[in-house]
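Report on the structure
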Amino acid sequence: MTAMHAIPFRTGAGVLLAALGLAASRAPRAPGGPAAVSAKLSEWKVELSEHTIAAGTVTFTIANAGSIPHGFEVEGQGIEQETSVIQPGSSGTLTLTLKPGTYEVYCPVGEASHKKLGMETHLKVLGAKAAGASGYGASEMSGSNMSEMGESPATAAKVQAIRVTSGGPVIQILPGPFPFPDSAAPILKQFGDEREGLESQVKNGPYSNNVTPISGTFTFTAWDKGAVRDSVDGVAEFATQDGARWKLVLDRVQTKDVPHHPRFGGVILGLYYHGNTAVHTPLVPTINSAVALWAFGHLYKNSALVTDNAMVHVMLLSRTRRDGDFALACWDCSKNKLEELQLQILPGPGEPKFDAPGGFLFVNWEQSSSKKPAS
Ligand SMILES: [Cu+2]
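Residues numbered from 1 in each chain as written. Predicted model: local features only at pLDDT ≥ 70, side-chain atom pairs only at ≥ 80, totals over all residues.

**As for the overall build of the protein**
Basically, it comes down to this: In DSSP terms, a helix is any run of H or I states spanning at least four residues, a strand is any run of E spanning at least two, and both are numbered starting from the N terminus. Counting other C-beta atoms within 10 Å of a residue's C-beta gives its exposure: the residue is buried at 20 or more, exposed at 12 or fewer, and partly exposed in between, where C-beta atoms are placed from the backbone. Here, residues touch in the contact sense if the C-beta positions derived from the backbone fall within 7 Å of one another.
Scanning the protein from N- to C-terminus turns up six helices and 20 strands. Counting the 375 residues in the protein, one finds 39% classified as buried. Of the contacts made within the protein by residues no fewer than 6 positions apart, 66% connect residues no fewer than 24 positions apart.

So, in structure tokens, the structure goes:
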């Protein structure tokens, strides 16, 4: 997902010309007056009207144009100031006195998750001399252009991959009540149209303490190559509590975002989400993940093809279940060891429910491991 908000890289004269155009068209601060900067928050970016301002007092007017709550934080040169949470459709202001230097501007919601998803930019504050009527020096211009790019081309192009191997006790999760309904309730309110469906899952859904030991294995490799080139290759085989033998072959990702459920191009490494983050369903505890992916799978039951379009969600995440009875043990599990491998399989769009309790397949391997694959 790294390329999601990347801006095409321009080199040489292009950078300079673009920067000159930018500097010429802006007067970020009237002489003696406070600077005014507008900020727009959405999934998953922070957009500023100005990326370079003069030192002194600045008032940020921040609009949340997204569909979930966000916040706004300015950090650098010894200061760290943030707004309270801004609801979708609302706005807030933040007035600061900034000295020269570079500041990070980001959404602080969800620990580092919204920032990691791309809600981060930079603001450059120039000293009085550099910000004078004679305009910006060449070094500041290229600096401001760099910060507008958000991330370096090297970062944007970086391919990340992970190989995951299942291990430890294997359990099948059967329908039942979600054990933290009170913690999830305030987050569910933010889910609009989806709320009703989620509320019925609170009573009887896939994230329950109703589990049964089974057996099986799951190994896959996932590649995070940017917004459109992510991929996955893997096989899971397991026998469910009714004795049926299932096999799932993963060879392509699902990339289509739905509100509250971004797919990050199919594969994302190192995401903190679910639970109290308002990113994806709150009917999963708040977790950190080594990898999360969304895929279409070929599903077989007792060697017969069930579908080529099974909807699959996989996470190697911070442990959510305790030893022994494998009950969900924490609402915020994000600090636990990243060793729980979850495989959730649902019928494809318009396809009938699976012949399994609740119509879905949900298997956990409790002590799984990951490594960087040999390239
Ligand atoms: Cu945010």
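**Some points on the sheet that holds strand S7 (residues 91-98)**
Here is the rule we go by: Note: two strands are recorded as paired if DSSP finds a minimum of 2 bridges between them. All axes are obtained by fitting lines to C-alpha atoms, using only the stretch in contact for helices, and the reported angles, taken between N-to-C directions, cover 0 to 180 degrees.
With mixed pairing, the four strands of this open sheet are ordered in space as S2-S1-S4-S7. Either end of the sheet is taken by a strand with one partner, and the two such strands are strand S2 (45-48) and S7. For this sheet, the mean angle separating the axes of adjacent strands, direction not counted, is 25°. Bridging between strand S1 (residues 35-42) and S2 involves four bridges; their strand directions are antiparallel. Bridged to Leu41 within S2 is Val46.

**Structural notes on the environment of Ser215**
Topologically, Ser215 is positioned in strand S12 (residues 211-224). Take Ser215: there are 11 C-beta atoms within 10 Å of it, and that puts it in the exposed class. In contact with Ser215, not counting residues within four places along its chain, are Val170, Phe238 and Ala239.

**A few points about the nonpolar core**
Put simply, the rule reads: Among buried residues, those of type Ala, Val, Leu, Ile, Met, Phe, Trp, Tyr and Cys that are joined through C-beta atoms within 7 Å form a set called a nonpolar core.
One finds Ala222, Val232, Leu248, Val267, Val291, Leu293 and Leu316 to be the most contacted residues of the largest nonpolar core, which totals 58 residues. When residues in this core are grouped by element, the largest group, eight residues, is from strand S16 (residues 287-301). In this view, Ala222 contacts Ala161, Ile162, Val232, Val267, Val291 and Leu293; residues no more than four positions away in its chain are not counted. In this structure, Val37, Trp44, Ala55 and Cys107 belong to the second largest nonpolar core, which totals 26 residues.

**Some remarks on the packing of helix H5 (residues 181-188) against helix H6 (residues 195-203)**
How two helices sit against one another is set out by the angle between their axes and by the gap between those axes. Short version of the rule: Geometric relationships in this document are graded by angle, where less than 35 degrees denotes roughly parallel, more than 145 denotes roughly antiparallel, 65 to 115 denotes roughly perpendicular, and other angles denote oblique. Put simply, Ala, Val, Leu, Ile, Met, Phe, Trp, Tyr, Cys and Pro go in the nonpolar bin, Asp, Glu, Lys and Arg in the charged bin, and everything else, Gly too, in the polar bin.
Where H5 contacts H6, the axes come no closer than 11 Å and their chain directions differ by 180°. One element, H5, and the other, H6, form an angle in the roughly antiparallel class. Across the interface between the two elements, Pro181, Ala184 and Leu188 of H5 pack against Arg195, Leu198, Glu199 and Val202 of H6. For the contact of H5 with H6, the residue count by class is five nonpolar, no polar and two charged.

**A few points about unusual backbone geometry**
Excluding glycine, residues mostly have negative phi values, and the peptide bonds linking residues are mostly trans. With an omega dihedral of -5°, the bond running from Glu43 to Trp44 counts as a cis peptide bond. The topology assignment puts Trp44 in the loop between S1 and S2. If you check the backbone angles, Gln77 has positive phi at about 50° while not being a glycine. Here Gln77 is to be found in the loop between strand S5 (73-76) and strand S6 (79-82). With a phi angle near 65°, His274 is a residue other than glycine that sits in the positive phi range. Structurally, His274 can be placed in the loop between strand S15 (267-273) and S16. Taking the number of C-beta atoms within 10 Å as the measure of exposure, His274 has 29 and is therefore buried.

**Focus on the confidence of the model for the protein**
Stated formally: Think of pLDDT as the predictor's per-residue confidence, scored from 0 to 100.
This prediction gives the protein a mean pLDDT of 84; 83% of its residues lie at or above 70. The low-confidence segment residues 1-28 (pLDDT under 50) makes 47 contacts with residues lying over four places distant or belonging to another chain. Across residues 131-157, confidence stays below pLDDT 50; counting only partners more than four residues off in sequence or on other chains, it has 44 contacts.

**Some remarks on the environment of Ser289**
Tracing the sequence through the fold places Ser289 in strand S16. Once the C-alpha coordinates of Ser289 and Leu317 are considered, the two residues, 28 residues apart in sequence, prove to be 4.0 Å apart. Setting aside residues up to four positions removed in sequence, Ser289 forms contacts with Leu271, Met315, Leu316 and Leu317.

**Some details on the pairing of S6**
As paired elements, S5 and S6 share four bridges and run antiparallel to each other. By the bridge assignment for S6, Glu73 is matched with Glu82. Where S5 folds back onto S6 in an antiparallel hairpin, the turn is made up of two residues, including Gln77, whose phi is positive at roughly 50°.

**Let's talk about the sheet that holds strand S3 (residues 52-54)**
Read from one edge to the other, the open sheet built from five strands follows the order S3-S9-S8-S5-S6, with strand pairing classed as mixed. What marks the edges here is a single partner per strand, and that holds for S3 and S6. Each adjacent strand pair in this sheet contributes to an overall mean axis angle of 25°, direction not counted.

**Things to note about the pairing of strand S10 (residues 160-165)**
Where S10 lies against S12, six bridges are found, and the strand directions are antiparallel. Pairing of Thr165 across the sheet is with Thr219, part of S12. Alignment of S10 against strand S20 (residues 369-371), held across three bridges, turns out to be antiparallel. Residue pairing in the sheet places Val164 in a bridge with Ser370 of S20.

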